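Survey of secondary and tertiary structure
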Amino acid sequence: QVQLVESGGGLVQAGGSLRLSCAAAGIIFSRVDMGWYRQAPGKQRELVARIFTSGVTSYADSVKGRFTISRDNPKKTVLMQMNSLKPEDTAVYYCYIFPRGTDGDYWGQGTQVTVSS
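This section reports on the structure supplied with the text. (Residues numbered from 1 in each chain as written. Predicted model: local features only at pLDDT ≥ 70, side-chain atom pairs only at ≥ 80, totals over all residues. Heavy atoms only, no water.)

1. A word on the packing of aromatic side chains
In this description, an aromatic ring pair is defined by two values, namely the gap between the centres and the angle between the planes. According to the stated counting rule, one finds five aromatic pairs in the structure shown. Ring centres of Tyr37 and Tyr96 lie 5.1 Å apart, and the angle between their planes is 75°; this geometry places the pair in the edge-to-face category. Taken together, the positions of Tyr37 in strand 4 (residues 34-39) and Tyr96 in strand 9 (residues 91-97) put the pair 59 residues apart, joining distant regions of the chain. Ring centres of Tyr96 and Trp107 lie 4.4 Å apart, and the angle between their planes is 45°; this geometry places the pair in the tilted category. Of this pair, Tyr96 sits in strand 9 while Trp107 sits in strand 10 (residues 106-107), and the two are eleven residues apart along the sequence. (Phe/Tyr/Trp six-rings, centres within 6.5 Å; stacked < 30°, edge-to-face > 60°. Helix = DSSP H or I, 4+ residues; strand = E, 2+ residues; numbered from the N terminus.)

Structural data, given as structure tokens:
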């Protein structure tokens, strides 16, 4: 059974930093692309960052230069360092496993990030 457990959310002032962590279980971690989505109140869930199995990364324009996604395959963990946080970054952040072949996708339970102005 695939499980994703996120941690690291919280309350921070604008300009501050947080690091999100997502630990995966029940999957061959090195073979899947991983990502972070976020959903703010009243808005659609959006892809924030993705890291491919190759280690290549991609980011939403709104977070480029401020967020960094990374992965540790032996530890089956994906991290996202978030710097220069803005109030508009306030959302629930979800860890995500992209589908691969016939395997489905998976979501974590979400972790709240709140940035005060």
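2. Some details on the nonpolar core
Membership of the largest hydrophobic core comes to 30 residues, with the highest contact counts inside it found for Met34, Trp36, Phe67, Val78, Met80, Met82 and Tyr93. Looking at this core, the elements that each hand over two or more residues are strand 3 (18-25), strand 4, strand 5 (46-51), strand 7 (67-72), strand 8 (77-82), strand 9 and strand 11 (111-116). (Core = buried A, V, L, I, M, F, W, Y, C linked by side-chain atoms within 4.5 Å. Buried < 20%, exposed > 50% of the residue type's maximum accessible area, 1.4 Å probe, protein only.)

3. Here's the deal with the environment of Arg38
When you line up the elements, Arg38 lands in strand 4. Considering only alpha carbons, one finds Arg38 and Glu6, 32 residues apart in sequence, at a separation of 13 Å. Beyond its immediate chain neighbours, meaning those up to four positions away, Arg38 contacts Gln44, Arg45, Glu46, Val48, Ser62, Val63, Phe67, Glu88, Asp89, Ala91, Val92 and Tyr93. A polar contact is formed between the side chain of Arg38 and the side chain of Ser62, at a distance of 3.4 Å. Within the local environment of Arg38, its side chain forms a polar contact with the side chain of Asp89, the two groups lying 2.9 Å apart. (Contact = heavy atoms within 4.5 Å. Polar contact = N/O pair within 3.5 Å; in protein donor to acceptor, adjacent residues only side chain to side chain.)

4. Structural notes on the sheet that holds strand 8
Strand order in the open sheet made by the four strands is 1-3-8-7, with antiparallel pairing throughout. Each end of this open sheet is capped by a strand with a single partner; those strands are strand 1 (3-7) and strand 7. Taken over all neighbouring pairs, the strand axes of this sheet differ in orientation by 15° on average, direction set aside. Bridge count between strand 3 and strand 8: six bridges; the pairing is antiparallel. (Pairing = 2+ DSSP bridges. Axes fitted to C-alpha atoms, helices over the stretch in contact; angles between N-to-C directions.)

5. Comments concerning the state of the cysteines
Note on terminology: disulfide describes a covalent bond linking the sulfur atoms of two cysteines. On inspection of all chains with the given rule, the structure shows one disulfide. Each sulfur of the disulfide joining Cys22 and Cys95 lies 2.1 Å from the other. Across the S-S bond linking Cys22 and Cys95, the dihedral sits near -85°, which makes this disulfide left-handed. Within this pair, whereas Cys22 is found in strand 3, its partner Cys95 is found in strand 9, the two being separated by 73 residues in sequence. Assigned by exposure class, Cys22 and Cys95 land together as buried. (Disulfide = S-S within 2.5 Å.)

6. Observations concerning the environment of Ser84
Within the fold, Ser84 resides in the loop between strand 8 and strand 9. Residue classification places Ser84 among the partly exposed positions, given a relative accessible area of 41%. The spacing of Ser84 and Ser17 is 67 residues in sequence and 6.2 Å in space, taken between C-alpha atoms. Once residues within four sequence positions are removed from consideration, Ser84 is found in contact with Gly15, Gly16, Ser17, Arg66 and Asp89.

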